[in-house]
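So the chains spell out like this:
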Amino acid sequence: MEILREILLTLHLLGMAIIVGGYFTVIRSPKVLAGMLHASYLQLLTGLALLTLAEMGDGQVDHVKIGLKLVIAILVTVFAFLGRRQEKEATEQLTPGLPGTTAGPAGPARPAGPATQTIAPASVTNPSARLAHLTFSFAVLNVLIAVFLR
Ligand code: HEM
């Protein structure tokens, strides 16, 4: 049982690292990455599994702390989910009909060549920037609760 708890805790910590680390990889131009959403699912799954193990053990479980963590983790997942949706919608608007997108009929073919090249600005505000900040901040809040409310 102890080895299972350790494996779950490892996955739980890796999930936290993916959310927080993922945010830092795009800190110059924040957006919600797909990995951040998947890691938020992982946090819910591993957190609930850890809770189940804790309930089965002899020790006391702090239900206020776990309840807080659960609510915050659900918010993290909702923020990441909405952020990914905003990113996908923006990509579809920019590239209608491109394979891999679910947009309608293809728009007019773009002429090839240097005339179509765009110059990327130094920093871009992505559609999901605000949700990325929220995803990151609430994940950090859950770390603080996990560490300080013992
Ligand atoms: C974004 C979401 C989450 C983050 C960032 C997070 C973060 C953490 C961290 C850093 C620890 C390690 C604390 C330590 O060992 O000192 C931890 C432990 C734990 N977390 Fe979470 N957590 C999240 C979601 C959840 C959820 C949703 C649950 C359950 C409903 C949960 C239940 C637990 C439990 C039971 C432990 C203790 C594991 C043990 O020591 O046996 N967590 N969490």
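Numbers given to residues run from 1 along each chain, matching the order in which its sequence is written. Totals for whole chains, interfaces and linings use every residue, but because this is a predicted model, local features are given only for residues with pLDDT of at least 70 and side-chain atom pairs only at 80 or more, for both listing and counting.

1. Examining the overall build of the protein chain
Okay, so step 1: Looking only at helices and strands, the protein chain has four helices and zero strands in total.
Okay, so step 2: For helices the rule is a DSSP run of H or I covering at least 4 residues; for strands it is a run of E covering at least 2, with both sets numbered from the N terminus onward. Ordered by position from N to C terminus, the α and β elements of the protein chain give α-α-α-α.
Okay, so step 3: Long-range pairs, those at least 24 residues apart, make up 76% of the contacts in the protein chain between residues at least 6 apart in sequence. What counts as a contact here is a pair of residues whose C-beta atoms, placed from the backbone, lie within 7 Å.

2. Digging into the nonpolar core
Okay, so step 1: For our purposes the nonpolar core covers buried Ala, Val, Leu, Ile, Met, Phe, Trp, Tyr and Cys residues that link as a set through C-beta atoms within 7 Å. To sort residues by exposure, count the other C-beta atoms lying within 10 Å of each residue's C-beta; 20 or more gives buried, 12 or fewer gives exposed, and values between give partly exposed, all with C-beta atoms placed from the backbone. Counting residues in hydrophobic clusters, the biggest one holds 18 residues, and the most contacted among them are Ile19, Val32, Met36, Val76, Ala80 and Ala139.
Okay, so step 2: Among the elements that line this core, the one with the most residues is helix H4 (residues 129–148), at five residues.
Okay, so step 3: Every residue in contact with alanine 139, bar those within four places of it in the chain, is listed here: Met16, Ile19, Val20 and Val76.

3. Some details on helix H2 (residues 34–56)
Okay, so step 1: Helices are assigned an expected span. That span is 1.5 Å times one less than the residue count. Here H2 contains 23 residues, and its C-alpha end-to-end distance of 34 Å stays within 8% of the 33 Å for a straight helix at 1.5 Å per residue.
Okay, so step 2: Of all the residues in H2, the buried ones are Met36, Leu37, Ala39, Ser40, Gln43, Thr46 and Gly47.
Okay, so step 3: If you follow the buried residues of H2, they end up packed against helix H1 (2–25), helix H3 (63–94) and H4.

4. Examining the site of the ligand
Okay, so step 1: In this text, near has one meaning. A residue is near a molecule or strand if its C-beta atom, placed using the backbone, is within 6 Å of it. Close to the ligand lie 22 residues; Gly47, Leu50, Ala73, Asn142 and Ala146 are nearest.
Okay, so step 2: Looking at the shell around the ligand, the elements that each hand over two or more residues are H1, H2, H3 and H4.
Okay, so step 3: Looking at which element gives the most residues to the shell around the ligand, the answer is H2, with seven residues.
Okay, so step 4: Residue composition of the shell around the ligand, by class: 16 nonpolar, four polar and two charged. Following the grouping adopted for this structure description, the nonpolar residues are Ala, Val, Leu, Ile, Met, Phe, Trp, Tyr, Cys and Pro, the charged ones are Asp, Glu, Lys and Arg, and the polar ones are all others, Gly among them.

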